[in-house]
Amino acid sequence: MAEDESEYLKLSVEDRCLHKAWKARVSGYDEAKKLFAQWDEDDDKWKKFNGVIKKMVIDSNAVAQEKGLECVLLYAENCKSANRTVGEVIDGLVTKCIAAPKAKTKEFATQIILMYVEIETQEKVIEGLLGGLTQKNPKIVSGCIYNVTEVLRLFGAKVIKISPLLKAVIPFLDHRDKDVRENGKKLIIESYRWIGALMKSQLTGVKPVQMSELEAEFEKLDGAGNPRPERWLRSAGPPKAEKVQSGETGEEADEDEEEDSQESGLDPYEMLDPVEILSKLPKNFYEQVEEKKWQLRKESLDALLPLTQNPKLQPGDYNDLVKVLKKFIQKDTNVMLVAQAAQCLAGLAKGLRNHFKNPANNMLSVLLEKFKEKKLNVVTALKECTDAFYTILGIEAVQEDCLAALKHKTPSVKAETASFLARCFVQCPPLLMTNKKVLKGYVSALLDTLNESDPNVREGSAEALGSLLKFLGEGKILPLMPDLDNLKLDKIKEKAEKVELSGKKAPGAKPAAPKPKAEPKSGPRVVKPEPAKEEPAAKPRAGPPKKVVKSGGGSGPGGSKKAGKGPPGGGGGGAPSGPNVGTEADISMEEAESRVDEILSAEILSGLTDANWKNRLAAMESAVSRLQGAPDNFPGLVALKILCKKPGLKENNFQVLGLKLSAISTIAKKTSWTQQGWDTIFPDIVDKLADKKNVDNCKTTLYDIAESSSFSFVFNGVLDGAFAQKNPVVKAEAMNWVGEGIKLFGFGGLQPRLALEVIKKGLAETNPAVRTAAISLLGILHWYMGATARRMFEDEKPAVLQQIDNECNKYAGQSLPIPTRGVKARNVGEGADDEPEEAEAPVEDLVPRKNIAAQLSDDLLSMMKDKNWKIRKEGLDKLKEIVNSAKFITNDLAGLPPVLGARTVDTNKILATQALELVGELVLAMGPQTRVQIPQLLPAVLAALADGKNTVRAAAVTTLNIFIKETSLKDLLTNEMISTAVTKGNPNVKMEIWTWLKDTLPEAKSVHKDELVNCLPVLYASIEDRSADVRKPAQEAIFPFMKHLGFEAMRKASDKLSAVSKNTIMPLLDKARAELPPPPVKASSGGGGGAGGSTAKAKPARSQQRDPSEEPRAKSEKPAGRPEPRADAKTSKAGQGKSRLALNKGSTKKGEEMDSSPLYQANKLKNGRFKDESKLKVLKWNFTTPRQEFVDQLKDQITTANFNKSLFTMMFHADFKQHLKALDMLIDHTPTDIDGLISNLDLLLKWMTLRFFETNPSVNIKGLEYLVQVFQLLNEFEEGYLLHELEAVSFLPYLVNKMGDPKDQIRGHCRTILKLICQLY
């Protein structure tokens, strides 16, 4: 046997896999598994196994077959060409594995099938499985149906077409084998889960008994919500984890479900096969509809009606059929036939959808006019038909016909038209939020019918206006009807209360007091406020500063340089309450055209509307030239109106559109942006974020507008506009724009509630780009806001939470960027010493909080006080559910604190621990607002420290630490709560409190010293306690106490001790005194200079409050010899002589010194590298995407070349910002050392090729600027230089690839570099 084994072990792996001995095959399979896990997906070695894979599946030995299936799974997962083997593998699985006796074999077969679907061969997989249904073995049939069900369950109906599955499985509901029947039912039920009731039309072949069983199962699924796939095709992203049930309840959960249903990309209609009905009409249909006898005409409609009820119809030429139905509705005298014709028309509209748009547009006026018919069956059919038409046409397309019908002489037509509009408005058409013209048209027409004498007309009109009021809010509707009397207004409001919206409510559509002026059609309107009256300054809070959102720079928009001297509405240097944007008198297009000569010309105006794009392009070039040459503060609104004249920003030619965006940027730079200017370009400018050729121009224009007005203003408008439409590209680009904008403009003055809501919607999107952008924006918000931003998304799936955490970790430890644009950037550039460093907003003001007092009912509190521990536990569980669902709550806890406090010392230790954890969750949910509840909650937690169980005391200490995290130790050391607890408490209390204070006092910035002094007698007594567990933490707490109180105060407290006790305490005090840091040296008054001295005294508290991450930035200094910075770093005259290495010292970790040696040196190592590469001793620099081995090789070569260590670290850092720093250092150093550049040119070029594979445009642009500098210097080198062949070959192919970059700036740099290289190579 040993000989046989040694013989087959000599064979190659693929030969062993085909060996006749099963042990040899097992050996081959084991070896193949190792190889499959190592090879790259496109390695040529895979080809050897293409013919072996099927034989692994159908191996005759059960043990070997199991090993072979493991190999096949790895092969399908890792091999790029695995999709070519899908047919033979699935056939083998069907015949040999699906019905295998071993459960593990069947499990592997299912995993392989799912993997082949994941690599996008789903059609062949389903074809193979459905082919297995022809097998005679019922176990194979059952296994095939089971696997089809699994594929559908995990990947969803968007990937797997359901109609072929239903056709194939319905006959097996009558199969003799029970497992086949049961699996068939499961497949039908799973299909219903994805499609819903539309599927029932395809179950016509199911027997009544079976159908009743299926109906019972369908009813269970009706309230289950929308299904979501658990695995995804490889092109769509990694497989998703199983959906975690949300903890939300009540209205929030309803809103989320509604959001999901609207924004899900899964439409059951799209999954159905269309039915062709035109050929199925009776041959004499068109003759029979002309018959005089109504019975014969009815026969024709009876034949047509069931055909039109198919949920999806095949598009075709329906014009003749529509003409017949129109004639029935308009002219037929038999009302029964009119109703039947309307039903047929509704069926066509539902089955054809957008393919029926033109007929629907032509037929709507006929249907509305037919509402003069009073028969209920006719009116009902017409209502159904008009509603079906609305879903196709939309609110704008139906306006003309509806307004005409509202002026009809017949009251019933007016009444039913108004009711039809009410049903339309209930669906919340987003166009009405942005198109003021359409909205005005509807409101004015309905106001006219509100005064009709017919009560039905008045009722319908009030209902329609009430629906609008509920949808858009009083702020937008009431200004459009200023003269309405109170009686009618009350009627409209009464109707609004009864309306239930089926669509998404407009942002901010809450009932409010009527305003004299109308809100704008879109975006956040903020009118410049009146100059505020001077108010006495608020007294500073005694406690520590509130937790703040870090803006990363100077004062926010609206902040002022000196208190009391800021612009109106700015406050005394604090963050403004909202975006501060001015207004001006709006002008019509006619007025703008009459004033065109003030800035442009009549020729340009006519050219802009010319049908020929070349003429429009020429006109725009002239317009841009005029605007750039115009003086500042020209009439910008006139220019905007002219530019937005049809086609406006809906321009189809990308060159013309690009110039229009450039012109708008110029207007923003030269004039003060107003609300009317924004209304002119919104929402079209947001739509242009989806334009691939002009997306960068559009973003730049929006940034320029934000600079001219305020970033917070445009921030709100862009997010509102993007998520009011369906295009996922707009949503993704809008969130990317906002994320970059926060870095450019800072966070001051922003209200991130809208962004957090948008991120929530973005994470629910099916489009991966939208989800990625949402996670990226959340990471930036987390960077500025801290953990508060992350906490709002704890109910997301684990996989999504992992992605969110990874994104947040990217910014961990990084300093916030100083704003380079907007008010803050200008303040930084001016270097004003007397302005505040940041405009900061308290976190508690930025997140929406829920008042849960109403949910803390007497019944709930009674449950928590019940004698039965099970009922008390049920009460605590309910409280936990309330807190978790609300996430962020106010500090109104009603009567909860005393009841919950009693539970922290519950006799049932499990309940006591749960109560302490609940107190911690309440504190987290209240955040800084917890301060109000500290006197009610803290004593109960301290009382729990007396418990004998370690777990209870540990839970209490954890809760105390949560208190400190959300408030501060200073807030807890009030009202003698701590001193009372240690005075009256048992040894456990003393031990835990001294341990806790020993750990927390050193980190506290300030505390109430009186509270600590009150604790000293007990502390000294504890040092002499007979329990070692009390003595040790008490002794260790001496130094933290002394750090805050000082030696003298603690010595005085010891005077009251007995001589014996004093002999024990004083040595400890002396020892702690020796460890105290020396007192700070006071600055001399002579050298400071008046202003400087006052400044130093005025700002010590401020400097203590600064975020530690900002200290390196504050210390960084301006390098010598560099041009004026882009306002992205605060400069200091004291640092002008320092090098860039010195500049970066502030950002290094403690104890880590910057290398001050030259960045690189001249050497003779380059020829050796060339020889090694020529002889293939090292890897040839040739790859599609750089693998780690190439990066490691370059690292070794750069280390050997003795590059500066700090530069080396930045060059290969994971953070792109370090790459930018490295490039800045190289740009500075390059002109000073040409010899060193030439000696190391090949290494620098190779490093730049690695940067080409990064997606960050700033690194690419900076790197190309560096390369332009390098090749310019080499061209100007006096001794001349020619690129070596290996230098060129390792660099030029990657530069040529970069020529296809979408950014003009990158392509321009590439062209410049190629021209320079032509002189060197």
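Residues numbered from 1 in each chain as written. Predicted model: local features only at pLDDT ≥ 70, side-chain atom pairs only at ≥ 80, totals over all residues. Heavy atoms only, no water.

Asks: Any chance you could break down the pattern of salt bridges for me, citing the residues and the numbers?
Replies: Tallied over the full model, the rule gives 60 salt bridges. One salt-bridge network, in which partners are shared between bridges, spans Asp30, Lys33, Lys67 and Glu70. (Salt bridge = Lys/Arg side-chain N within 4 Å of Asp/Glu carboxyl O.)

Asks: So what's going on with a negative patch on the surface? Residues and values would help.
Replies: Among the surface-exposed residues, Asp40, Glu41, Asp42 and Asp44 lie close enough to one another that they form a single negatively charged patch. Looking at the secondary structure, you find Asp44 in the loop between α3 (22–38) and α4 (53–57). (Patch = residues over 30% accessible without salt bridge, like charges linked within 9 Å, V, L, I, M, F, W, Y side chains within 5 Å. Areas by Shrake-Rupley, 256 points an atom, 1.4 Å probe, with all protein chains shown as cover. Lys, Arg positive; Asp, Glu negative; His and termini not counted. Charge placed at Lys NZ, Arg CZ, Asp CG, Glu CD. Helix = DSSP H or I, 4+ residues; strand = E, 2+ residues; numbered from the N terminus.)

Asks: Tell me about helix α37 (residues 728–745), and please be specific about residues and values.
Replies: Residues that lie three or four places apart on an α-helix share one face, since the helix turns once every 3.6 residues. Compared with the 26 Å implied by 1.5 Å per residue over 18 residues, the 25 Å span of α37 between its first and last C-alpha is a close match. All buried positions along α37 are accounted for by Val730, Lys731, Ala732, Ala734, Met735, Trp737, Val738, Gly739, Gly741, Ile742, Lys743 and Phe745. Where α37 ends, the next residue or the one after it, Gly746, has phi of about 85°, a positive value. (Expected span 1.5 Å × (residues − 1). Buried < 20%, exposed > 50% of the residue type's maximum accessible area, 1.4 Å probe, protein only.)

Asks: Lay out the side chain of Gln933 with the relevant residues and their values.
Replies: The topology assignment puts Gln933 in the loop between α46 (909–926) and α47 (934–944). A residue is classified by how much of its surface remains accessible, and Gln933, at 9% relative accessible area, is buried. A polar atom in the side chain of Gln933 sits 2.7 Å from the backbone oxygen of Asn891. If we ignore the near neighbours within four places in the chain, the residues touching Gln933 are Asn891, Leu893, Pro897 and Met926. (Polar contact = N/O pair within 3.5 Å; in protein donor to acceptor, adjacent residues only side chain to side chain. Contact = heavy atoms within 4.5 Å.)

Asks: I'd like to hear about the packing of helix α24 (residues 436–449) against helix α25 (residues 455–472), residue by residue, with values.
Replies: Put simply, α24 and α25 touch, their axes get as near as 8 Å, and they point 145° apart. The handedness of the crossing between α24 and α25 is left-handed. Within the contact between the two elements, α24 uses Leu439, Val443, Leu446, Leu447 and Thr449 and α25 uses Val457, Arg458, Ser461, Ala464, Leu465, Leu468 and Leu472. Of the residues that constitute the contact of α24 with α25, the class distribution is 9 nonpolar, 2 polar and 1 charged. (Axes fitted to C-alpha atoms, helices over the stretch in contact; angles between N-to-C directions. Left-handed = near helix turned anticlockwise from the far one by under 90°. Nonpolar A, V, L, I, M, F, W, Y, C, P; charged D, E, K, R; others polar.)

Asks: Any details on the nonpolar core? Residues and values, ideally.
Replies: Ranked by internal contacts, the top residues of the largest apolar core, which has 89 residues, are Trp678, Ile742 and Leu781. Element by element, the count of residues in this core is highest for helix α39 (residues 768–785), at 11 residues. Excluding residues that lie within four positions of it along the chain, Ile742 makes contacts with Phe711, Phe715, Phe747, Leu750, Leu777, Ile780, Leu781 and Tyr784. Grouped together as the second largest cluster of nonpolar side chains are 86 residues, Ala339, Phe356, Leu393 and Val426 included. (Core = buried A, V, L, I, M, F, W, Y, C linked by side-chain atoms within 4.5 Å.)

Asks: Just give me the short version of the side chain of Lys33, but keep the residues and values in it.
Replies: Tracing the backbone through its elements, the reader meets Lys33 in helix α3. In this structure the side chain of Lys33 is engaged in a polar contact, spanning 3.0 Å, whose partner is the side chain of Glu70. In this view, Lys33 contacts Lys67, Glu70, Cys71 and Leu74; residues no more than four positions away in its chain are not counted.

Asks: Help me get a handle on helix α5 (residues 62–78), residues and values and all.
Replies: Taking 1.5 Å of rise per residue, the 17 residues of α5 would be expected to cover 24 Å, and the 25 Å separating its terminal C-alpha atoms lies within 8% of that figure. Of all the residues in α5, the buried ones are Ala64, Gln65, Glu66, Gly68, Leu69, Cys71, Val72, Leu73, Tyr75 and Ala76. Tucked into the core, α5 has its buried residues touching α3, α4, α6 (86–97) and α7 (103–118). Here α5 starts with a cap whose side-chain oxygen sits 3.0 Å from the backbone nitrogen of Val63, and that cap is Asn61.

So far we have only geometry, and geometry alone does not tell us how the molecule works.
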